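Take a look at the letters that make up each chain.
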Amino acid sequence: MVDLSALDKLDLKAFFFDMDGVLFDSMPNHAKAWCTAFEDLGIHFTPYDAYMREGMTGTSTIYQAFTRQLGRDASEEECKRIYKVKCDIFESLPEAKPMPHVLEVLQTVKQAGLDIYIVTGSGQHSLFDRLNTHFPNIFSREKMVTAYDVKKGKPDPEPYLMALKKGNFKANQAIVIENAPLGVKSAVAAGIFTIAVNTGILKDEELSKNGADVIYQTMEELLSHLPEIIAKAKR
Ligand code: MG
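Now for a look at the structure at hand.

Topic: the coordination of the magnesium ion
Within the first shell, the magnesium ion binds the protein through Asp18 (OD), Asp20 (O), Glu54 (OE) and Asn179 (OD1), at distances of 2.0 to 2.2 Å. Spacing between the donor residues of the magnesium ion along their common chain follows D-x1-D-x33-E-x124-N. Here the residue aspartate 18 occupies a position in the loop between β1 (14–17) and α1 (27–39), and asparagine 179 occupies one in the loop between β4 (174–178) and α8 (181–189), the gap between them amounting to 161 residues. In this pair, the class of aspartate 18 matches that of asparagine 179, namely buried.

Examining the sheet that holds strand β5 (residues 193–197)
Pairing is parallel across the open sheet formed by 6 strands, whose spatial order is β3-β2-β1-β4-β5-β6. Sheet topology places β3 (144–145) and β6 (214–216) at the edges, where each strand pairs with a single neighbour. Relative to β5, β4 runs parallel, the two being bridged by 4 bridges. Pairing of isoleucine 175 across the sheet is with phenylalanine 193, part of β5. Against the sheet, helix α7 (residues 158–167) makes contact with β1, β2 (115–119), β3 and β4, and its axis sits at roughly 145° relative to β2, the strand it touches most.

Here's the deal with helix α5 (residues 102–111)
Residues of α5 that are buried: Val102, Val105, Leu106 and Val109. Burial along α5 is one-sided: seen end-on, the buried residues are contained in an arc of 95°. The elements touched by buried residues of α5 are β1, β2 and α10 (219–233).

With respect to the packing of aromatic side chains
Inspection of the entire model under this criterion finds 11 aromatic pairs. On the basis of an interplanar angle of 40° and a centroid distance of 4.6 Å, the ring pair of phenylalanine 38 and phenylalanine 45 is categorised as tilted. On the basis of relative accessible area, phenylalanine 38 is assigned to the buried category, the value being 0%. Here phenylalanine 135 and phenylalanine 139 contribute two aromatic rings whose centre-to-centre distance is 6.1 Å and whose plane-to-plane angle is 80°, an arrangement assigned as edge-to-face. For phenylalanine 135, a relative accessible area of 1% gives the class buried. Judged by its relative accessible area of 7%, phenylalanine 139 is buried. Linked through ring pairs, Phe16, Tyr117, Tyr160 and Phe169 together constitute an aromatic cluster. Lysine 86 extends its terminal NZ or CZ atom over the ring of phenylalanine 90, reaching a point 5.2 Å from the ring centre. Lying over the aromatic face of phenylalanine 24, arginine 130 brings its terminal NZ or CZ to 3.9 Å of the ring centre.

Looking at the environment of glutamate 91
Along the chain, the position of glutamate 91 falls in helix α4 (residues 76–92). Through-space distance from the C-alpha of glutamate 91 to that of alanine 33 is 9.0 Å; in sequence the pair is 58 residues apart.

Thoughts on the pairing of β2
Note on strand geometry: in a regular strand, side chains alternate between the two faces of the sheet. The element β2 is largely enclosed, with a buried count of 4 among its 5 residues. Summarising the sheet, β1 and β2 pair through 4 bridges and their orientation is parallel. Paired with phenylalanine 16 across the strands is tyrosine 117, a residue of β2. As paired strands, β2 and β3 are joined by 2 bridges and run parallel to one another.

Analysis parameters
- Throughout this description, residue numbers start from 1 for each chain and increase along the sequence as written.
- It should be noted that, the model being predicted, local features are given only for residues of pLDDT at least 70 and side-chain atom pairs only at 80 or more, the latter also being counted only at that level, while totals for whole chains, interfaces and linings use all residues.
- Working from all heavy atoms in the structure, the side-chain values ignore hydrogens and water.
- Any nitrogen, oxygen or sulfur atom within 2.8 Å of a metal ion counts as a donor, with the limit raised to 3.2 Å for Na, K and Ca, and since water is left out, coordination shells can look unfinished.
- In DSSP terms, a helix is any run of H or I states spanning at least four residues, a strand is any run of E spanning at least two, and both are numbered starting from the N terminus.
- Buried, partly exposed and exposed residues are distinguished by accessible area as a fraction of the type maximum, computed with a 1.4 Å probe on protein chains only: under 20%, between the cut-offs, and over 50%, respectively.
- In this scheme, strands are said to pair when DSSP sees at least two bridges between them.
- Any two residues whose heavy atoms approach within 4.5 Å are treated as being in contact.
- Axis definition: a line fitted to C-alpha atoms, limited for helices to the stretch in contact. Angles are taken between N-to-C directions and run from 0 to 180 degrees.
- Arc definition: directions from the helix axis to the C-beta atoms.
- Any two rings among Phe, Tyr and Trp, with Trp reduced to its six-membered ring, count as a pair given centres within 6.5 Å; such a pair is stacked if its planes are under 30 degrees apart, edge-to-face if over 60, and tilted if neither.
- Lysine and arginine charges are scored as sitting over a ring when NZ or CZ, respectively, is within 6 Å of the ring centre and within 35 degrees of the ring normal.

Dropping the structure here:
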């Protein structure tokens, strides 16, 4: 059973949604791109490694893989080259589809009169247009925190603190929807009630040990609990 009793302490005004692995089923493509980019260099990197590092900057991911396997730092040139290979592979893959049932989740939140923010480490220039195409009339440009807004990014609390600041919310006035361990860590460090939806291949434990308040397996499961969550958390 999921314990929702902590929701009583909230004064809910907004939901903050992560993007990769939450709005779009894009993590399989990211994992594939990372694995192939590293494989070309003889570096062993598994899809699990990619999912565990979701949210980290590309540079940090490359540095970690180098020190772990080659026992040395990657040069700046290597870093740039590998990241470019990763991005090129990612771009060549079929565009990720919206996560099943996430549109209904967004509509339920909107119909409850709550604000919706995007908090993502992604920095694609076409991001807003893409969101608007798949989820019309849900998002607004002002209610986004992207790679361009932050210095540190997840797992630092910075992106979620920035979303609180943008909306003039207190930490107990928002709920975060995340899928990744480092995203959960970031949201929890910002003091926000965090729902993890384990849409990927990781064990639930990776999300719970980073502080997720609640874990669901699919957006459909979240959707089925959402009316109760909103009723409990709204004053
Ligand atoms: Mg994510």
